[in-house]
Amino acid sequence: MSEAGTTAIRVEQTQQSRLSQVDFNDLKFGKILSDHMLVADYADGQWEEPSIVPYGNLSLSPATSAIHYGQSIFEGLKAYKFADGTVSVFRPDQNLNRFNKSASRLEMPEVPEELFIGGIKTLLDIDRAWIPQLEGSSLYIRPFMFATEAALGVHPSDSYKFIVITGPVGAYYNKPLRLKVETHFTRAAQGGVGFSKNAGNYALSLHPTRLAQEEGFDQLMWTDAIEHKYVEEAGTANLLFRVGDTIITPSSDTILHGITRRTIIEIARHWGYQAEERKVSVQELIEGIENGSVTEAFAAGTAATLTPISEIGYEGKIYTLPDPEKREFSNKVLQYLNDLRYGHIADEFGWNVIVG
Ligand code: PLP
Ligand code: COI
């Protein structure tokens, strides 16, 4: 655990908390947003002093360049409340790192650590009461940045807004997933922006995902842009498979390098499993399911946590994976992650960042 204080930031408290309207036993993902948000502006080549203000609407020019040309990136991370009330954020340094990689690729300014992590801690301290204590629930934290220059020429904006909003959430998926292997549409190509967490990656996924949902699938399993031969990731999560005592995850710069996936791989290695980050062909996966060597398959992400994959659809055929309840590694690692995040066990990796 690392202890660190909060950052001094101008705070305007809400006069009308919405907390009493929240049913913490019925949390839908992303529908409820906490009382306050952190806002910082970037102009003239530097970040201005951030402030924490009541959650509310923004006023923007219709020419705001993020709306037209998509200079818009985000992150997703979670805070947990231990039984004794301690508040902990899970690996925020990893999100900061990825955020700044996304920023560079989209020609946006980097956000300094004290703004990103210090800002989140201060915000959480103020909205502490919004962090659910119920196991299985957490506070989802959404930092984002977008271009604010009001101009229609295509060029990097000269001004940006960095905002953090939060909200209590339950599970993103409440049942095992049926995924369709996508062999027509493409999410990302080599040299593109697949590794970055930018808004456009999600916009382009909506139409193909809707088509798959009309066929009864929950999400897509994206494949490479050139041959549609190698699996990449699911709509909102990375993919992991177990073969014998090896955990395998597709690796490529066209996919988002997930923090949950990295965490699971680090735990797996620590426990003595092998872990491989490499290309995984659809063929290898399908054959492995058919001959029984792929014993577990799951999606891993901040919102998704660890969600088992029950079925995979490929070229009109359905391939069924073993019963999720009987999956040894997935269930063990999910239990371990929960125990760690809710403070039931020692934080041997130093991943919990305590809000002071
Ligand atoms: N891939 C995509 C497209 C995602 O949206 C997410 C969710 O953030 C992930 C993978 C998993 O990343 P992480 O574990 O860092 O949340
Ligand atoms: C997250 O897990 O933070 C994600 O990005 C998923 C989100 C798009 C719902």
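K.L.:
Hey, could you go over the site of ligand 2 for me, with residue numbers and the actual values?
P.N.:
In the vicinity of ligand 2, the residues found are Phe29, Phe74, Gly76, Tyr140, Arg142, Tyr172, Lys197, Tyr202, Thr236, Thr302 and Ala303. Between an oxygen atom of ligand 2 and a side-chain N or O atom of Tyr140, the distance comes to 2.5 Å. Within the side chain of Lys197, an N or O atom sits 2.4 Å from an oxygen atom of ligand 2. Coverage of ligand 2 by the protein amounts to 90% of the 280 Å² it exposes when considered alone. Here the residues of the shell around ligand 2 are counted per class, giving six nonpolar, three polar and two charged.

K.L.:
So what about the site of ligand 1? Which residues, and what values?
P.N.:
Surveying the vicinity of ligand 1 reveals 16 residues, the closest of which are Tyr202, Glu233, Ile259, Thr260 and Thr302. Here Arg98 contributes a side-chain N or O atom positioned 2.7 Å from an oxygen atom of ligand 1. Taking Glu233, its side chain carries an N or O atom lying 2.5 Å from a nitrogen atom of ligand 1. In isolation ligand 1 offers 380 Å² of accessible surface; the protein chains occlude 96% of this area. Looking at the shell around ligand 1, the elements that each hand over two or more residues are helix H5 (259-270) and strand S17 (294-301).

K.L.:
Can you tell me about helix H4 (residues 199-214), naming the residues and giving the values?
P.N.:
Between its first and last C-alpha, H4 extends 24 Å over 16 residues, near the 22 Å set by a 1.5 Å rise per residue. Along its length, H4 reaches its greatest deviation from straightness, about 35°, at Leu206, and the proline Pro208 lies no more than four positions downstream. Of the residues making up H4, those classed as buried are Asn201, Ser205, Pro208, Thr209 and Ala212. Looking at the packing, one finds that the buried side of H4 touches strand S11 (177-181) and strand S12 (219-223).

Cut-offs and rules
Residues numbered from 1 in each chain as written. Chains lettered and ligands numbered in written order. Predicted model: local features only at pLDDT ≥ 70, side-chain atom pairs only at ≥ 80, totals over all residues. Heavy atoms only, no water. Near = heavy atom within 4 Å. Polar contact = N/O pair within 3.5 Å; in protein donor to acceptor, adjacent residues only side chain to side chain. Areas by Shrake-Rupley, 256 points an atom, 1.4 Å probe, with all protein chains shown as cover. Nonpolar A, V, L, I, M, F, W, Y, C, P; charged D, E, K, R; others polar. Helix = DSSP H or I, 4+ residues; strand = E, 2+ residues; numbered from the N terminus. Expected span 1.5 Å × (residues − 1). Bend = angle between axes of the 7 residues up to and from the residue. Buried < 20%, exposed > 50% of the residue type's maximum accessible area, 1.4 Å probe, protein only. Contact = heavy atoms within 4.5 Å.

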